[in-house]
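Close look at the chain arrangement
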Amino acid sequence: MHTFTELRQFADDLTALGDTATAALVRQAIDRFSTWKLEAGGRLLERALDKRRKHEHEPPRSPYFNTCVLAIT
């Protein structure tokens, strides 16, 4: 999180020096990365929940089944 704070401070410093164009680009990059990170996290959570739901509908397997699978492989 320190990186985002430092980048925001950098954008503020650029604005104070009069370079608003570069400051806007830095802020835009921060916003885009934050949006991407949020969307990627949402997709990851959705896949994990789907996988969990899929396994909830499967009947429980006995230890004997697991032993047989290990013996076959």
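You'll find the structure just up there.
Below or above, wherever it landed, is the structure these notes cover. For every chain, the first residue of the written sequence is number 1, and numbering continues from 1 along that sequence. Owing to the predicted nature of the model, reporting of local features is limited to residues with pLDDT of at least 70; listing and counting of side-chain atom pairs is limited to 80 or more, with chain, interface and lining totals taken over all residues. Note that the side-chain values use all heavy atoms of the structure and ignore hydrogens as well as water.

This part takes up the overall build of the chain. The numbering of helices and of strands both runs from the N terminus, where a helix is a DSSP run of H or I of at least 4 residues and a strand a run of E of at least 2. When you go through the chain residue by residue, the secondary structure sums to 3 helices and 0 strands. Secondary structure of the chain in N-to-C order comes out as α-α-α. Categorising residues by exposure relies on relative accessible area from a 1.4 Å probe, with only protein chains included: less than 20% of the type maximum marks a residue as buried, more than 50% marks it as exposed, and the intermediate range marks it as partly exposed. Classification of the 73 residues of the chain by burial places 8% in the buried group. For every accessible area listed, the method is Shrake-Rupley and the probe measures 1.4 Å; residues are considered covered only by the protein chains on display. In the structure as shown, the chain presents an accessible area of about 6,600 Å², 62% of it carried by carbon and sulfur atoms.

What we call a nonpolar core is a set of buried Ala, Val, Leu, Ile, Met, Phe, Trp, Tyr and Cys residues that are connected through their side-chain atoms within 4.5 Å. Formed by Phe4, Ala11, Leu14, Ala23, Val26 and Ile30, the largest nonpolar core amounts to 6 residues. For this core, the secondary structure elements donating two or more residues are α1 (2–16) and α2 (20–56). The criterion used for residue contact is that any of the two residues' heavy atoms lie within 4.5 Å. Residues in contact with Ile30, not counting those within four places in the same chain, are Phe4, Leu7 and Arg8.

Time to look at α1. Between the first and last residue of a helix there are one fewer steps than residues, each counted as 1.5 Å, and that sum is the expected span. Its 15 residues place the ends of α1 21 Å apart at the C-alpha level, agreeing with the 21 Å of an ideal helix rising 1.5 Å per residue. Along α1, the residues that are buried comprise Phe4, Ala11 and Leu14. What you see down the axis of α1 is that its buried residues fit within an arc of 80°, all on one side. In α1, those exposed residues whose orientation departs by more than 90 degrees from the buried face are His2, Thr5, Glu6 and Ala16. Gly18 occupies a position one or two residues after α1 and carries a positive phi of about 95°. Working note: the arc is built from the helix axis to C-beta atom directions.

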